[in-house]
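# Structural features, examined
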Amino acid sequence: MIAAQAALETRMLLRNGEQLLLTVVIPTLLLVLFSSVDIVDTGAGPSVDFLAPGVLALAVMSTAFTGQAIATGFERRYGVLKRLAVSPLPRWGLMTAKTLSVLVTEVLQVILLTAVALALGWSPHGDPFSVLLLLVLGTAAFSGLGLLMAGTLKAEATLAAANLVFLLLLVGGGVIVPLDKFPPGVRDVLGLLPVSALSDGLRAVLQHGAGTPWADLGVLAGWAVVGLTAATRFFRWE
């Protein structure tokens, strides 16, 4: 039942033009644009080496947080979650199916963005296991926050808030603009955001070939625990 629901969730997401725009088209366009045009100073080396890890982090956020929050919020509004909650599929099974759908979508995103980045001259380094660990913890963190928003706010408020957060974190999360461009005090606060930890961790491994970024993993783990715990506690099904 979980596998069938996960397959349905994935098909629904891939058929949604707005979701595809958010999860696939926008990250790809940002990667191509900022890698091809010298708009932002990304430091020494090719721009794509800096941008590719950040855009991967943005893709995770767009799927696990923004897309999932909006879709789940409107499912809750229209009574879909209420009906599914009384089906043979248990509530934890529904959430597991949604998580699997997010992971499948992210795999497709990573494959596409990696192919585009390689075509633009990207030369990734580092340990694949560290990258996988960062992506999994990042997904858990953003999923918890997305479900918390979808389960506590009205659908329209979720739509507005999720898109606003996406735009703010795109600018201030170290995805396109390096965090060292911000004042020291602001930089310290921004560094604690989940998208900053994910993009910095991926950049440390893939661009600089560093070892396991434990500090960034710790930030993501903290957000994952807080988000998932709060979502479990306060999520309303109707």
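To be clear, the structure that these remarks concern was listed above.
All of these numbers come straight from a predicted model, not from anything done at the bench. (Residues numbered from 1 in each chain as written. Predicted model: local features only at pLDDT ≥ 70, side-chain atom pairs only at ≥ 80, totals over all residues. Heavy atoms only, no water.)

## What to know about helix α9 (residues 194–206)
With 13 residues, α9 extends 18 Å between its outermost C-alpha atoms, agreeing within 8% with the 18 Å of an ideal straight helix rising 1.5 Å per residue. Residues of α9 that are buried: Pro194, Val195, Ser196, Ala197, Leu198, Ser199, Gly201, Leu202, Arg203, Val205 and Leu206. In this structure, the buried residues of α9 make contact with α3 (47–77), α6 (128–152), α7 (155–172), α8 (184–190) and α10 (214–234). (Helix = DSSP H or I, 4+ residues; strand = E, 2+ residues; numbered from the N terminus. Expected span 1.5 Å × (residues − 1). Buried < 20%, exposed > 50% of the residue type's maximum accessible area, 1.4 Å probe, protein only. Contact = heavy atoms within 4.5 Å.)

## What to know about the nonpolar core
Leu31, Met61, Phe142, Leu198 and Leu202 are the most contacted members of the largest nonpolar core, which totals 46 residues. Secondary-structure elements contributing two or more residues to this core are α2 (17–36), α3, α5 (91–119), α6, α7, α9 and α10. For this core, the element with the highest residue contribution is α3, accounting for 15 residues. Among residues more than four places away in sequence, those in contact with methionine 61 are Thr66, Phe142, Phe166, Leu169 and Val195. Counting residues in each nonpolar core, the second largest holds nine residues, with Leu81, Ala85, Leu147 and Trp237 among its members. (Core = buried A, V, L, I, M, F, W, Y, C linked by side-chain atoms within 4.5 Å.)

## Considering the layout of surface pockets
Considering only enclosed or pocket space, the largest pocket measures out at about 500 Å³ in volume. Lining the largest pocket are 22 residues, and of these Asn16, Gln19, Gly67, Ile70 and Ala71 sit closest to its centre. Those elements that provide at least two residues to the lining of the largest pocket are α1 (2–15), α2, α3, α5 and α7. Take the lining of the largest pocket: its biggest share by element is eight residues, from α3. Here the residues of the lining of the largest pocket are counted per class, giving 10 nonpolar, eight polar and four charged. (1 Å grid on protein atoms, 1.4 Å probe; cavity = no way out; pocket = protein on both sides within 12 Å on 5 of 7 lines; lining within 4 Å. Points joined across faces, edges and corners; volume = space filled by probe spheres on them. Nonpolar A, V, L, I, M, F, W, Y, C, P; charged D, E, K, R; others polar.)

## Considerations on the side chain of serine 101
Tracing the backbone shows serine 101 in helix α5. Residue class for serine 101 comes out buried when judged on its relative accessible area of 4%. Other than its neighbours up to four places away in sequence, serine 101 contacts Ala6, Glu9 and Thr10.

## Comments concerning α6
For the α-helix, the turn length of 3.6 residues means that residues three or four positions removed from each other point alike. Under the 1.5 Å per step criterion, the end-to-end length of α6 is 36 Å for 25 residues, consistent within 8% with the ideal 36 Å. Near the N-terminus of α6, the side chain that reaches the backbone nitrogen of phenylalanine 129, with its oxygen 3.2 Å away, is that of aspartate 127. (Polar contact = N/O pair within 3.5 Å; in protein donor to acceptor, adjacent residues only side chain to side chain.)

## Here we look at the packing of α3 against α7
At their nearest, the axes of α3 and α7 sit 8 Å apart, and the two run at 170° to each other. Relative to α7, the element α3 is oriented roughly antiparallel. Here α3 contributes Leu58, Met61, Ser62, Phe65, Thr66, Ala69, Ile70, Gly73, Phe74 and Arg77 to the contact with α7, which in turn contributes Ala155, Glu156, Thr158, Leu159, Ala162, Asn163, Val165, Phe166, Leu169 and Leu170. A class-by-class count of the residues in the contact of α3 with α7 yields 13 nonpolar, five polar and two charged. (Axes fitted to C-alpha atoms, helices over the stretch in contact; angles between N-to-C directions. Parallel < 35°, antiparallel > 145°, perpendicular 65-115°, else oblique.)

## Thoughts on the environment of leucine 193
Structurally, leucine 193 is set in the loop between α8 and α9. As a C-alpha pair, leucine 193 and glycine 173 span 20 residues in sequence and 7.0 Å in three-dimensional space. Leave out the neighbours within four places in its chain, and leucine 193 touches Leu169, Gly172, Val219 and Trp223.

From the geometry alone we can't say anything about function, so treat these as descriptive.
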